[in-house]
Amino acid sequence: MARRASDDTAAWDALPGPLLLLDEHGGALHVNAAFAALARRESSHLLGRAWQELFDAGSRRELLAKLAARADFATAVFISGSAAGDGAAWVDWAARWQPGARRWLCLLHDASAVKRSEAEARAQARLFRLLADNVPAQIAYYRASDFQCQFANKAYARAFNTDEYAVVGKHVAEVIGAEAEARIRPHMQRVLQHREVASYERELTGRGGKPRFIEVHLLPHVGEAGDTVGCFVLISDVTRYRLAERAARESEERLAKFLHASVEGIVFHKDGVITDVNPPLCALVGYSLAELCGRPTLDYVAPDQRARVAAVLDSGQELAYESALVDRAGQRIAVELIGRTMLRNGERLRMTIVRDIRDRQAAQARIHHLAHHDALTGLPNRMSFLEQLQQHMAAAEAEGTQLALLFIDLDHFKRVNDSLGHLAGDALLRTVAERILASLRATDLVARFGGDEFMVLLHGGPSRERRRDEVDEVARKLIAAIEAPVDAEGRPISVTPSIGVAFFPGDADTPDELIKNADSAMYLAKAKGRANHQFFDRGIADSAYAALVLEGQLAQALERGEFELYFQPQVRAGDGVLVGCEALLRWNHPERGLLVPDQFIPVAERQRLMLAIGQWALTEAARSAQRWDAQGLAVAPVAVNLSTVQFQSVGFVEAVAQVLADDGDARPAARLLELELTERMLMDDIGEVKHRLLRLKAMGLGIAVDDFGTGYSSLGHLKELPIDKIKIDRSFVHDLPGNRDSAAITRAIVQLGLSLGMTVTAEGVETEAQRDFLARQGCAQIQGLLVGAPMPAPAFEAWARERRARERAATSSP
């Protein structure tokens, strides 16, 4: 018996295919050499349950379940870690149960190559499907025996409202419809019976009723036996080609109609000889159709234009260009020629459209004049002046001569327009232009730069100093001429000019820089009282540049959170009790440190940046006042300074109302705030100022006049305005009590405030002597270094708490 088992083992090992002998529990009793090679392990290492480690979890569960059933089976499983080149293999497993021996005889076959072939076949099928679905054509294949669809790409299936899978197996009539199938049946019969390619074209009705053209090709599929086994269908959309052909035919028809209906001249010519013309061309040149046909086209072209026209004809260029013809009377006619090469009645011809441009040229000349000259004064305008300035600077540099640019601005010209109207203003500008021209040489350049601004460019020799003296004389002459009275509607009016002068070379290298520097000098003239002239000064320009840099930084300061409010306390002059504070704006400049308002407010006001900055300051002050009120500090009111630009801006009162609304109940918030205006701000438009102040008072806000005594407000104005407080300017307080004039002015301001029922506050109080004097005169409140310097919000809060604590202690002590 042992010998027989040994013989069986030898026989199994001799088998070329893998073999596995298992006991009834799935333990390996024997594995042959082929199985060990497949597993890449020693036979002894595969006995028992070790062979199960070759399979993944899914395959292992499947095998063990089938083995437990003790019934013959066959399956395909995956072995990992095999001898196959990729380290794994698919095998076909056939198992026979031997009941007598109560064991399994399992034969395995490596199916990896078959699996790979199947995978490759599927990949090729996917690739073919991808290709078929992406070609710009509809593709299908029908079996010859029953005309059932065997394949279709997406484009074909969608054309018949189905998909590429649902269409398979359908009869051709089911796919395209019985009517269409009957129409194409003769073509299909020819393909199947005669093995010929059939091609035809059909016109269909597409979406929206638009015509659609398709080109169909039916190709026979001939089998190995020579019989037709199927038919390939290839459908291409040729709509755009057919529509293009139709459009070409219609275009020729339209051209024939256009030729006779056009208002422009049209001439057809071949090899330079006229073959046809339309009536407008005959009317333009004064010749009949019979006289023109058969004649060379160049016969009617102006002699100085023939060379160019001939060159265009010879080259066959298609372009539009200006030229000139000569009519029957010998008159020159300016024309635009538009040449085209085209087919007419199957013949290649040259067509030229002849457009009369005499009116257009006259209009262009007028437009050019208007584009380069001021319509009011007739002087060159800004654009023309800039072009000429560039040329003159280049010439001066080449010749080594000097140029002087005078920037003239009329002082207070807006008053003329506002008081007498724009007609009077226009008359004044025309007179000024005439006077400037009359004061200069014919070689000097004068232009109206815009509004009430004029430019004068003077030429001179190489010496700048001599040139400066000459320009000085010219500028004085211009000022005298311009400021002479002008009769405007029976009224003598006059304006004065402010003139800025810059030289080239020396003050600038480019036209823009020269104008900018002359403009800077002109503003210096205005700053020095107007009605004078100033020469450009580099130091002043540098200051202007610094202001420009500061302006750019200011524009970003709000976004970066660089502004901060400092608070300076206000106390009663008699007993020092805290009664409020003033919010003072500071700028934490990233380079220059902490800046006070005098260092940046003028720049902000010039560029209207003060509107946003002022709104921020008002909002922050309101928030601080609300917070301190909620904490019981009773620091109210908080005074906020208003700038002129801010107070006069449209919508200012509404902006204040919005700040109060954002902080909750507007009325309680308003009682905590006080708005400070300078005395000068009250004088601009007393009616409008009063209206605004009344609206602010109606909200519950306090109104104070800052720097009182430095302006020119009248008592009449003061009593009309709803003012709660006046603040004595620090310039008067500084010399108290020793200076008699300051003492008298201070005494008068206090008495004025008291008589009008206003609270009086003194600013800049630094000494006890100043405080005592002010208290004796009846000044209610003081503010200054004697009380406390301006402090950041946290420091002010701490100061106020300590002050309140001392006040309470003083009140409670016996």
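Above this text is the structure in question.
A short tour of the structure in this document, coming up. In this text the structure is predicted, and so the values were computed from the model without any measurement.

**Some points on empty space enclosed by the protein**
Tallied over the full model, the rule gives one cavity of 30 Å³ or more. Estimates place the volume of the largest cavity at around 250 Å³. Taken together, 20 residues line the largest cavity, and the ones lying closest to its centre are Val267, Thr297, Leu325, Thr352 and Val354. Counting only elements with at least two residues in the lining of the largest cavity, the list comes to strand E11 (265-270), helix H9 (279-285), helix H11 (306-315), strand E13 (320-326), strand E14 (332-344) and strand E15 (347-356).

**A word on the environment of glutamate 336**
In this fold, glutamate 336 is placed in strand E14. Glutamate 336 sits in the buried class, given a relative accessible area of 13%. Residues glutamate 336 and glutamate 399, spaced 63 residues apart in sequence, show a C-alpha to C-alpha distance of 42 Å. When residues no more than four places from it in sequence are discounted, the contact partners of glutamate 336 are Ala320, Tyr321, Glu322, Ile353, Val354, Arg355, Ile357 and Arg360. Of note is the side chain of glutamate 336, whose polar atom sits 3.3 Å from the side chain of arginine 360.

**Focus on the sheet that holds strand E10 (residues 228-237)**
The sheet built from five strands is open, its strands ordered E7-E6-E10-E9-E8 with antiparallel pairing. Every other strand in the sheet has two partners, leaving strand E7 (149-152) and strand E8 (198-205) as the edge strands with one partner each. Each neighbouring strand pair of the sheet contributes to a mean axis angle of 20 degrees, computed without reference to strand direction. Sheet topology note: the strand E6 (residues 138-143)/E10 ladder contains six bridges and is antiparallel. Counted as the bridge partner of arginine 143 is glycine 230 from E10.

**Some words on the packing of helix H27 (residues 740-755) against helix H28 (residues 768-777)**
Axis separation between H27 and H28 bottoms out at 10 Å; the angle between their running directions is 40 degrees. With respect to their mutual orientation, H27 and H28 come out oblique. The handedness of the crossing between H27 and H28 is right-handed. Across the interface between the two elements, Ala743, Thr746, Arg747, Val750, Gln751 and Leu754 from H27 touch Phe773, Leu774 and Gln777 from H28. When grouped by side-chain class, the residues that make up the contact of H27 with H28 number five nonpolar, three polar and one charged.

**Focus: a nonpolar patch on the surface**
Taken together, the side chains of Val197, Leu219, Phe232 and Leu234 present a nonpolar region at the surface, about 300 Å² in accessible area. Taking relative accessible area as the criterion, phenylalanine 232 reaches 37% and is therefore assigned partly exposed.

**Considerations on the layout of surface pockets**
Its volume calculated, the largest pocket comes out at about 910 Å³. Leu584, Pro597, Asp598, Asn641 and Asp706 are, among the 37 residues lining the largest pocket, the residues nearest its centre. Listing elements by their share of the lining of the largest pocket, those giving two or more residues are strand E23 (563-572), strand E24 (578-589), helix H19 (601-606), helix H20 (610-630), strand E26 (638-641), helix H21 (644-648), strand E27 (673-678) and strand E28 (702-708). Per-element tally for the lining of the largest pocket: the top contributor is E24, with five residues. For the lining of the largest pocket, the class distribution of residues is 16 nonpolar, ten polar and eleven charged.

**Structural notes on unusual backbone geometry**
Geometrically, the link from phenylalanine 504 to proline 505 is a cis peptide bond, its omega value of -5 degrees lying close to zero. Omega for the peptide link from alanine 636 to proline 637 comes to 5 degrees, which places this bond in the cis form. Position of proline 637 among the secondary structure elements: in the loop between H20 and E26. Positive phi values are uncommon outside glycine, yet arginine 70 reaches one of about 55 degrees. Mapped onto the elements of the fold, arginine 70 is located in the loop between helix H3 (57-69) and strand E3 (73-80). Under the relative-accessibility criterion, arginine 70 is labelled partly exposed at 32%.

**Observations regarding the pattern of salt bridges**
A side chain with one charge can pair with a side chain of the opposite charge if their charged atoms come near. On inspection of all chains with the given rule, the structure shows 38 salt bridges. Between lysine 727 and glutamate 582 there is a salt bridge, with the nearest N and O atoms lying 3.0 Å from each other. Of the two residues, lysine 727 sits in strand E29 (residues 725-728) while glutamate 582 sits in strand E24, which places them 145 residues apart along the sequence. The burial state of lysine 727 is the same as that of glutamate 582; both residues are buried. One salt bridge in this structure joins arginine 771 and glutamate 768, with 2.9 Å as the shortest N-O distance. Taken together, the residues span about one helical turn, with arginine 771 and glutamate 768 both in helix H28 at a distance of three residues. If you follow the salt bridges from partner to partner, you end up with Glu264, Glu322, Glu336, Arg355 and Arg360 in one network.

Reading the values: rules and limits
Residues numbered from 1 in each chain as written. Predicted model: local features only at pLDDT ≥ 70, side-chain atom pairs only at ≥ 80, totals over all residues. Heavy atoms only, no water. 1 Å grid on protein atoms, 1.4 Å probe; cavity = no way out; pocket = protein on both sides within 12 Å on 5 of 7 lines; lining within 4 Å. Points joined across faces, edges and corners; volume = space filled by probe spheres on them. Helix = DSSP H or I, 4+ residues; strand = E, 2+ residues; numbered from the N terminus. Buried < 20%, exposed > 50% of the residue type's maximum accessible area, 1.4 Å probe, protein only. Contact = heavy atoms within 4.5 Å. Polar contact = N/O pair within 3.5 Å; in protein donor to acceptor, adjacent residues only side chain to side chain. Pairing = 2+ DSSP bridges. Axes fitted to C-alpha atoms, helices over the stretch in contact; angles between N-to-C directions. Parallel < 35°, antiparallel > 145°, perpendicular 65-115°, else oblique. Left-handed = near helix turned anticlockwise from the far one by under 90°. Nonpolar A, V, L, I, M, F, W, Y, C, P; charged D, E, K, R; others polar. Patch = residues over 30% accessible without salt bridge, like charges linked within 9 Å, V, L, I, M, F, W, Y side chains within 5 Å. Areas by Shrake-Rupley, 256 points an atom, 1.4 Å probe, with all protein chains shown as cover. Salt bridge = Lys/Arg side-chain N within 4 Å of Asp/Glu carboxyl O.

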